[in-house]
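Descriptive structure summary
Here are the chains, one letter per residue:
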Amino acid sequence: MEEMSVMENSNELNKMEASELPDLNAGYTPVSLDTFFDSSEKPEDLISTGIIVLTPYQEELYNNLLAALEKNAPDRVEKLTDRLADIKQLAQALAAFPSLLERATLNTTVRTPEALVESLISYQEDGDTLLHMPSKAILGKGFLVAKIHTFYSMSKLARDYAGMDEKTVKKYSDETVSMMFTLMAEDVYLNLIKDSSLSMDLRRELANSLIILWEHRSDQNISDIAPVLQSVWSARRKIAPAFGTMMGTSELLLVSIQMDEQWTSFIKERLGDNEVSQAMEEFLFGISYEQIIRLREILREQGIKAIGRDEVSAQLGERVKTDISLDYRDFYLLYTVRRDNARARSRLHLPGPTKTLEDFFIRFIMEKNSEKQKNDAFAKQP
């Protein structure tokens with residue numbers, strides 16, 4: 001049975017007066033694809049409900065690889081075209097489900113985007129929300145994972161069979177990482193939507209962004225932010241933080257000076273916050289806040305000032321993954337560990353960061369964007 005909303009709240013929502021719901025342009029107009037594409041670049045490969053099979057840029061990468069394989073490794077062409085056909089079939093299956101951006105009459109209820117937004121905001125239960133999610137959201141995540149795996153395979157084809165140069169091959173791996181950040185964004189949005197310390201306007205904006213992501217499996221916010229986070233991840237790989245000290249963090253700050261202006265502003269304005277600093281250490285060192293505290297105590301007791309990455313497991317007496325990799329799967333794996341630890345601290349009221357560095361950074365960017373929009377609107381007033 002298709003559900004009424006993300007977090008089952010239908011009885012309460014059905015009683016709400018129209019004036020109590022957020023003003024989303026009275027009746028709600030489905031989001032235009034112009035949000036994602038320039039008017040001259042709107043993709044032809046689009047399923048009717050808005051699922052984006054390939055963006056114009058992704059389609060260009062696919063066609064270029066196909067042409068190179070036809071020339072240098074024709075035996076690999078059929079496998080690639082078959083894989084894309086599978087992706088399209090997944091998109092067509094998703095198209096069979098009602099749009100999340102339009103009013104839909106389901107088996108026993110009527111679902112509206114306004115109610116979906118309010119339901120997301122009001123649901124505050126802990127635990128895995130899998131069974132509370134719309135079917136389209138769950139299936140869409142599988143579709144996105146399949147695309148990620150496909151582009152990862154394309155990067156290997158480009159490197160090993162298509163005869164492409166290193167710079168061109170990197171475009172395929174970068175696109176794979178970018179989609180991984182879109183997958184991560186879903187978790188970040190869900191975390192921030194539940195954060196009662198945020199303004200209600202921002203939480204509604206986050207909820208709308210999440211619904212758009214579910215509908216299209218593309219997200220402009222994350223498309224803009226992903227390169228920054230990828231650069232920070234690369235910088236983390238290049239530096240060698242000294243476990244037990246703050247040296248690694250200060251080195252990252254030096255690297256950050258040369259990076260994106262948004263990231264530099266975030267560092268300057270928010271790193272003084274204790275939780276943000278703790279989340280930064282978790283990101284940088286690759287171990288939990290609890291492990292960092294314990295490691296510092298061990299080193300202090302032994303009179304050791306600092307150790308290297310390869311010594312961490314021995315000192316803690318447990319296997320910890322502190323090696324650095326540019327593999328997008330490692331990034332996502334370590335992100336989910338930090339995410340789950342943060343959620344556990346929040347639920348159990350334990351010391352340490354209750355959000356990930358990605359949560360704090362994306363919140364910072366969205367707050368700044370919202371502030372800019374308000375200032376621009378005020379400036380236009382007569």
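Once a new chain begins, its residue numbering starts again from 1 and follows that chain's sequence as written. Given that the model is predicted, a residue must reach a pLDDT of at least 70 before its local features are reported, and side-chain atom pairs must reach 80 or more before they are shown or counted; all residues, however, enter totals for whole chains, interfaces and linings. For the side-chain quantities, the full set of heavy atoms in the structure was used; hydrogens and water were omitted.

It is worth spelling out the packing of helix α11 (residues 274-285) against helix α12 (residues 289-302) at this point. Note on method: axes are straight lines fitted to C-alpha atoms, helices fitted across the in-contact stretch only, with angles between N-to-C directions ranging 0 to 180 degrees. Each helix is a run of H or I in the DSSP string that is no shorter than four residues. Each strand is a run of E no shorter than two, and both are numbered from the N terminus. Relative to each other, α11 and α12 sit at 85°, their axes nearing to 9 Å. With respect to each other, α11 and α12 are oriented roughly perpendicular. Across the interface between the two elements, Q278, E281, E282 and F285 from α11 touch Y289, I292 and R296 from α12. Each residue belonging to the contact of α11 with α12 can be placed in one class, and the counts come to three nonpolar, one polar and three charged. Throughout, the term roughly parallel applies to angles under 35 degrees, roughly antiparallel to angles over 145, roughly perpendicular to angles from 65 to 115, and oblique to all others. Every residue pair with non-hydrogen atoms within 4.5 Å of one another is taken to be in contact. Asp, Glu, Lys and Arg are counted as charged, while Ala, Val, Leu, Ile, Met, Phe, Trp, Tyr, Cys and Pro are counted as nonpolar; the rest, among them Gly, fall into the polar class.

Let us now look at the environment of L198. Its location among the elements puts L198 in the loop between α6 (166-193) and α7 (200-216). Each residue gets one of three labels from its accessible area relative to the maximum for its type: buried under 20%, exposed over 50%, partly exposed in between, using a 1.4 Å probe on protein chains only. L198 gets classed as buried once you look at its relative accessible area, which sits at 5%. As a C-alpha pair, L198 and R363 span 165 residues in sequence and 9.1 Å in three-dimensional space. Residues within four places of L198 in sequence aside, it is in contact with L192, R203, L206 and R363.

The next subject is α12. In an α-helix, one turn spans 3.6 residues, which is why side chains three or four residues apart end up on the same side. To estimate how far a helix should reach, multiply one less than its number of residues by 1.5 Å. Between its first and last C-alpha, α12 extends 20 Å over 14 residues, near the 20 Å set by a 1.5 Å rise per residue. Among all positions in α12, only Y289, Q291, I292, L295, I298 and L299 are buried. Looking at the buried side of α12, the elements it contacts are α11, α13 (312-316) and α14 (328-348). Among the residues trailing α12, G303 stands out with phi positive, at a value near 70°.

Pairing of aromatic rings covers Phe, Tyr and the six-membered ring of Trp, with a centre-to-centre limit of 6.5 Å; geometry is then stacked below 30 degrees between planes, edge-to-face above 60, and tilted otherwise. Per the stated rule, a full pass over the model turns up eight aromatic pairs. Each ring, one from F283 and one from F331, has its centre 6.4 Å from the other, and the planes form 70°; the classification is edge-to-face. Note that F283 is positioned in helix α11 and F331 in helix α14, a separation of 48 residues in sequence. Each of the two residues, F283 as well as F331, counts as buried. Taken together, the aromatic side chains of W263, F266, F361 and F364 make up a single cluster linked through ring pairs. Whether a charge sits over a ring depends on NZ of Lys or CZ of Arg being within 6 Å of the ring centre and within 35 degrees of the ring normal. The lysine or arginine in question, R76, covers the ring of Y161, its NZ or CZ lying 4.0 Å from the ring centre.

All right, on to the side chain of E186 then. Positionally, E186 belongs in helix α6. You can call E186 buried: its relative accessible area is 4%. Once residues within four sequence positions are removed from consideration, E186 is found in contact with K141, L210, L213, W214 and R217.

Further remarks concern the packing of α6 against α14. Where α6 contacts α14, the two axes come as close as 10 Å, and the packing angle between them is 10°. By the criterion of interaxial angle, the relationship of α6 to α14 is roughly parallel. Of the residues in α14, those touching α6 at T176, V177, M180, F181, L183, M184, D187, V188 and N191 are Y328, F331, Y332, Y335, R339 and R343. Classifying every residue of the contact of α6 with α14 gives 10 nonpolar, two polar and three charged.

A general tendency of soluble globular proteins is for nonpolar side chains to be buried together. Counting 84 residues, the largest nonpolar core has L65, F181, Y189, W214, W263 and F266 as its most contacted members. Element by element, the count of residues in this core is highest for α6, at 14 residues. Nonpolar cores were defined as sets of buried Ala, Val, Leu, Ile, Met, Phe, Trp, Tyr and Cys residues, with membership established by side-chain atoms within 4.5 Å. Among the nonpolar cores identified, the runner-up in size contains 11 residues, and F285, L295, I298 and V320 belong to it.

With that out of the way, let us pick up α7. Between its terminal C-alpha atoms α7 stretches 24 Å, which fits the 24 Å expected from 17 residues at 1.5 Å a residue. Most of α7 sits inside the fold, with 13 of its 17 residues counted as buried.

Positive phi, close to 55°, is recorded for R217, a residue that is not glycine. Turning to its location among the elements, R217 is positioned in the loop between α7 and α8 (220-238). Here R217 falls in the buried class, since its relative accessible area comes to 4%. One non-glycine residue, H349, adopts positive backbone phi at about 55°. Relative to the helices and strands, H349 is located in the loop between α14 and α15 (357-380). Taking relative accessible area as the criterion, H349 reaches 72% and is therefore assigned exposed.

Whenever a carboxyl oxygen of Asp or Glu lies within 4 Å of a side-chain nitrogen of Lys or Arg, that contact is scored as a salt bridge. Counting across every chain of the model gives 19 salt bridges. The residue E281 makes a salt bridge to R296 at a minimum N-O spacing of 2.4 Å. Placement of E281 in helix α11 and of R296 in helix α12 is noted, with a sequence separation of 15 residues between them. Relative accessible area serves as the criterion here: at 7%, E281 is assigned to the buried category. Of the charged contacts, one joins R339 and D340 as a salt bridge, the two residues approaching to 2.9 Å between their closest N and O atoms. We classify R339 as buried; its relative accessible area is 13%. With a relative accessible area of 38%, D340 lands in the partly exposed category. Linked through salt bridges whose partners overlap, the residues forming this network are D195, R270, K355, R363 and E367.

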